[in-house]
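Here's the letter readout for the chains.
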Amino acid sequence: MSQEVLYIGLMSGTSTDGVDGVLANLAEATRPQIRAHVSLPMPERLRQEFLALNLSGPNELARAASAGNQLARLYAAAVQDLLKQSGVTAARVRAIGAHGQTVRHDPAAGYSLQINAPALLAELTGIDVIADFRSRDVAAGGQGAPLVPAFHEAVFSSAEIPRAVLNLGGIANVTLLHPGRPVRGFDTGPANVLLDLWSKERTGKDYDAGGRWGASGRTDPALLESLLRSEPWFDAPPPKSTGRDLFNHAWLARRLAPFQALADNDVQATLQSLTAHTVAQAINRYAPETREVLVCGGGALNRALMHELERELRRPVYPTTRLDVPVQLVEALAFAWLAQAHELRKPAGLPTVTGARHRSVLGCRYPA
C-alpha cells in the first residue's frame, strides 16, 4: 500500500453559511481519497459581519481583522474535528489549504480580497497553512477566479466524454473539460446568492431547502427577461468572474421594484430560472459539444433547480457523487489539492480560465 500523503482543505463560500473541511489522501498513485470530512455552521454574528464587510462601513479594517481571527478559530475547530475523526496527528498532515472569506472581488482594479488569518490558523493547529490563492493570478492580469478548474481537470476529466463541471455555490461557475482541448472555466452568474437572499427576506429561512418553496411558484417570463436584459455582465465573454460585489441585495431590490405584485414564491421560482438559464446559455454558447454536466455545491441539493437545469441544457445532469465525490465536499477537496499543488510548484492558475498572461503557482505559505 502506498504511503498516505495527507492534506486538509477548508472552504467557506459566497453563501457564508458555514465551513466545509476535508482530510484527504492525495498520494500520486491514487485518486483523491477523503479520509474525514466536517461541516460547521457559520456563527450568525460572524456571518452578518462578513455580509456587512461586502460594503464600505465604519472601522472596517479593524472589523475585518477581527472577523479573520474568528474565522481562523472556526477553521481550527474544523481541523481538530477532522483529526479526531480520522485518528491522524497534526504532524502527519503536510499542509492546510484555507481559502478565507471573499468580501471584495474586482480583478479589473487589480485585487481580490479574502478575509483570513492564516498565521493564526498555523499557530492554533501546528500545521503549515497555504492561503491567498487568488492574488498571484490577479497580479498576472487574470481574474483570480474560478480557482478550481485545474482540480476539476485532475479529478473529473474523461478521455472520451466532453464534460462540464458546474459548481452551484453562491455564484455559479463552470469548468469545460473537453478531450484534446485546454481546460476552460468561468463564472456564469448568481446561483444560491440571490435565492438565499430572497428566502431569508421573505420566509426568514437562510435557504430554500431542496428548492421546495421555489417549486411551489411559477417562473414569471417578464421578470426573467428583465433580469437578463438589465445586466450586461451576463453577455460579457469569458474570462469573467463575479460575486456579491455585483449580485447583492441592492441589485435584486432595484430589479424587483417594478414587479411588486408578484407572489414571493413566483419571484423565487424566477430567480431559480435565472440560474438555470444563464448556466445553459453559457454552456451552449461556449461549449455546445458538451455531452454531460456534473454538478457540485449546495445548489446540487436543490432538486427543482437540478430538474430545471436538465430541461434547459437538454443533456444529462449528474451530481459529482456519481464519480464518488460528494457534492458539498468538492470545493473543500479542491483546496486540499491546491495546497499540494502549491507545494509541488504546480501551476493551478490557468490563462485559459482566468485570462492571465501566464500560468502561476497559487497561494502563499505560513509555516507552523
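Residues numbered from 1 in each chain as written. Predicted model: local features only at pLDDT ≥ 70, side-chain atom pairs only at ≥ 80, totals over all residues. Heavy atoms only, no water.

1. Re the overall build of the chain
Right, on to step 1. If you tally the helices and strands in the chain, you get 13 helices and 13 strands.
Right, on to step 2. Overall, the chain is about 60 × 55 × 40 Å in size when its C-alpha atoms are taken along their principal axes.
Right, on to step 3. Long-range contacts, defined as pairs at least 24 residues apart, comprise 68% of the intrachain contacts of the chain with a sequence gap of at least 6.
Right, on to step 4. About 15500 Å² of surface is accessible on the chain, with carbon and sulfur atoms providing 51% of the total. (Helix = DSSP H or I, 4+ residues; strand = E, 2+ residues; numbered from the N terminus. Contact = heavy atoms within 4.5 Å. Areas by Shrake-Rupley, 256 points an atom, 1.4 Å probe, with all protein chains shown as cover.)

2. A word on the packing of aromatic side chains
Right, on to step 1. Scanning the entire structure with this criterion turns up 8 aromatic pairs.
Right, on to step 2. Residues Trp233 and Phe234 carry aromatic rings whose centres are separated by 6.2 Å and whose planes lie at 75 degrees to one another, so their mutual orientation is edge-to-face.
Right, on to step 3. Their ring planes at 70 degrees and their centres at 5.0 Å tell us that Phe247 and Trp251 sit as a pair that is edge-to-face. Per residue, the accessibility class of Phe247 equals that of Trp251, and both read buried.
Right, on to step 4. A connected cluster of aromatic rings, assembled from ring pairs, spans Trp233, Phe234, Phe247 and Trp251.
Right, on to step 5. A cation over an aromatic ring shows up here: Lys240 above the ring of Trp233, its NZ or CZ 4.1 Å from the ring centre. (Phe/Tyr/Trp six-rings, centres within 6.5 Å; stacked < 30°, edge-to-face > 60°. Buried < 20%, exposed > 50% of the residue type's maximum accessible area, 1.4 Å probe, protein only. Lys NZ or Arg CZ within 6 Å of the ring centre and 35° of its normal.)

3. Structural notes on the packing of helix H1 (residues 44-52) against helix H2 (residues 60-86)
Right, on to step 1. One way to put it is that H1 packs onto H2 with a least axis distance of 10 Å and a crossing angle of 140 degrees. As the angle between them shows, H1 and H2 are arranged oblique. Classified by chirality, the crossing of H2 by H1 is left-handed. Residues Leu46, Glu49, Phe50 and Ala52 of H1 form the contact with H2, whose own contacting residues are Arg63, Ala67, Gln70 and Leu71.
Right, on to step 2. Residue composition of the contact of H1 with H2, by class: 5 nonpolar, 1 polar and 2 charged. (Axes fitted to C-alpha atoms, helices over the stretch in contact; angles between N-to-C directions. Parallel < 35°, antiparallel > 145°, perpendicular 65-115°, else oblique. Left-handed = near helix turned anticlockwise from the far one by under 90°. Nonpolar A, V, L, I, M, F, W, Y, C, P; charged D, E, K, R; others polar.)

4. Structural notes on helix H9 (residues 249-256)
Right, on to step 1. Of the positions making up H9, those classed as buried are Trp251, Leu252, Arg255 and Leu256. Considered in projection along H9, the buried side chains sweep an arc of 120 degrees and stay on one side of the axis.
Right, on to step 2. Against the buried residues of H9 lie helix H6 (192-203), helix H8 (221-229) and helix H10 (264-286).
Right, on to step 3. Sitting at the amino-terminal end of H9 is Asn248, which places a side-chain oxygen 3.2 Å from the backbone nitrogen of Ala250. (Arc of directions from axis to C-beta. Polar contact = N/O pair within 3.5 Å; in protein donor to acceptor, adjacent residues only side chain to side chain.)

5. Section: the sheet that holds strand E3 (residues 33-41)
Right, on to step 1. If you trace the 6 strands from one edge of the open sheet to the other, you get E3-E2-E1-E4-E7-E13, paired in mixed fashion. In the strand order of this sheet, the two ends are held by E3 and strand E13 (364-366), each with one partner. Averaged over all adjacent pairs, the angle separating strand axes in this sheet is 20 degrees, with direction ignored.
Right, on to step 2. Sheet topology note: the strand E1 (residues 6-11)/strand E4 (residues 93-98) ladder contains 5 bridges and is parallel. Its bridge partner being in E4, Leu10 is matched across the sheet by Ala98.
Right, on to step 3. Its contacts with the sheet put H2 on E1, strand E2 (18-25), E3 and E4, and the angle it makes with E3 is roughly 140 degrees.
Right, on to step 4. Where helix H3 (residues 118-125) meets the sheet, it contacts E1, E4, strand E7 (129-131) and E13, and its direction lies at approximately 160 degrees from that of E7. (Pairing = 2+ DSSP bridges.)

6. Notes on the nonpolar core
Right, on to step 1. Tyr7, Phe133, Phe151, Phe156, Trp337 and Leu338 are the most contacted members of the largest nonpolar core, which totals 37 residues.
Right, on to step 2. Secondary structure elements with two or more residues in this core: E1, E2, helix H5 (149-156), strand E11 (292-296) and helix H12 (330-343).
Right, on to step 3. The element that contributes the greatest number of residues to this core is H12, accounting for 10 residues.
Right, on to step 4. In this view, Phe156 contacts Arg163, Val165, Leu177, Leu294, Thr320, Leu323, Val325 and Val330; residues no more than four positions away in its chain are not counted.
Right, on to step 5. Within the second largest apolar cluster, 34 residues are counted, among which are Val19, Leu23, Ala36 and Leu46. (Core = buried A, V, L, I, M, F, W, Y, C linked by side-chain atoms within 4.5 Å.)

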